[in-house]
Amino acid sequence: AGGAVVHITSGVSSLVCAIVIGKRTGWGADHMPPHNLPFTLLGTGLLWFGWFGFNAGSALGANGVAGTAFLATQAAAATGALVWMAVEWTHRGKPTVLGVASGVVAGLAAVTPASGYIGPFSAILIGGVAGVLCYYAVYWKGRMSYYDDSLDSVGIHGVSGVFGILATGVFASKAINAAGADGLFFGNAGLLGTQALMAGALTLFSVVGTWIILKVVDAVLGLRVSSEEEQVGLDLSQHNEQAYSHE
């Protein structure tokens, strides 16, 4: 469920929000790195640790399915990190720790819907493919300059969420979880069709629902501050305080 109700919805909703609200002033011209890389890494570590409770905990017991989900989660996250690093190193000439963190999240998001239904080798494949897909999705976002997604929710959560849902329809096996179903690789092409239908329906629902919510909020409160307030910074213009003091 996580790949659908969490990652596809967040990725698609982020895309709609980015298009409707518009780009930040200076986006595409000014360098806008993460404001605190150590905090990003701390958050990634906490997220990775907590994800075991999300995936393995879904078994609702200390049993074989929980162990399988735990192992799949770890394998996909680690592989996603390594593959993102390798692709970035090859493509850009240098690896980055932000890229490693992004690869971890890509692997975690992609394996979530399949985690209780696949073996470790399938999890490694899912994490590796997610690392490649999400890296290039983020890269092409910058090249196209069509939308401003500061957290790369579209390129990481959206792309890995859709891929993970489809991968479940390919790699799921009743030998791992008898309560599930076999996927395409195990003779059941129907599951892949079901997963694809779910991804498409949820994408449509998220687009329409997010657009309606944004329009209601815009009519009641407004969606964007003025250009002057944006230049001053939202900490000061909206809250009259600063996150960091340099005095």
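Every value quoted in this text rests on a predicted model; they were computed, and no experiment measured them.

K.L.:
Whenever I open this one, unusual backbone geometry confuses me. Can you help?
P.N.:
Leaving glycine aside, a negative phi is the common case for residues, and trans is the common case for peptide bonds. A positive phi angle is found at Leu 60, which is not glycine, with a value near 60°. Within the fold, Leu 60 resides in the loop between helix H2 (37–55) and helix H3 (64–92). Exposure remark for Leu 60: the relative accessible area of 80% places this residue in the exposed category. Of note in this structure, Asp 152 is not a glycine but carries a positive phi near 55°. Topologically, Asp 152 is positioned in the loop between helix H5 (120–144) and helix H6 (153–171). You can call Asp 152 buried: its relative accessible area is 17%.

K.L.:
What exactly am I supposed to notice about H3 here?
P.N.:
It helps to recall that an α-helix has 3.6 residues per turn; residues three or four apart then point in one direction. Its 29 residues give H3 an end-to-end C-alpha distance of 41 Å, which sits within 8% of 42 Å, the value for a rise of 1.5 Å per residue. Directly after H3, the chain includes Gly 93, whose backbone phi takes a positive value near 90°.

K.L.:
I tried to follow the nonpolar core on my own but got confused; where do I start?
P.N.:
Soluble globular proteins tend to bury their nonpolar side chains together. In this structure, Val 111, Ile 118 and Ile 126 are the most contacted members of the largest nonpolar core, which totals 22 residues. Of all the secondary structure elements, the ones that give two or more residues to this core are H3, helix H4 (97–111), H5 and H6. Tallying contributions element by element places H5 first for this core, with six residues. The contact partners of Ile 118, leaving out residues within four places of it in the chain, are Thr 68, Ala 72, Val 111, Ala 123, Ile 126, Phe 171, Ala 172 and Ile 176. Within the second largest apolar cluster, six residues are counted, among which are Ala 4, Ile 8, Val 12 and Ile 165.

Parameters at a glance
- Residues numbered from 1 in each chain as written.
- Predicted model: local features only at pLDDT ≥ 70, side-chain atom pairs only at ≥ 80, totals over all residues.
- Heavy atoms only, no water.
- Helix = DSSP H or I, 4+ residues; strand = E, 2+ residues; numbered from the N terminus.
- Buried < 20%, exposed > 50% of the residue type's maximum accessible area, 1.4 Å probe, protein only.
- Expected span 1.5 Å × (residues − 1).
- Core = buried A, V, L, I, M, F, W, Y, C linked by side-chain atoms within 4.5 Å.
- Contact = heavy atoms within 4.5 Å.

Don't take any of this as a statement about function, it's just geometry.
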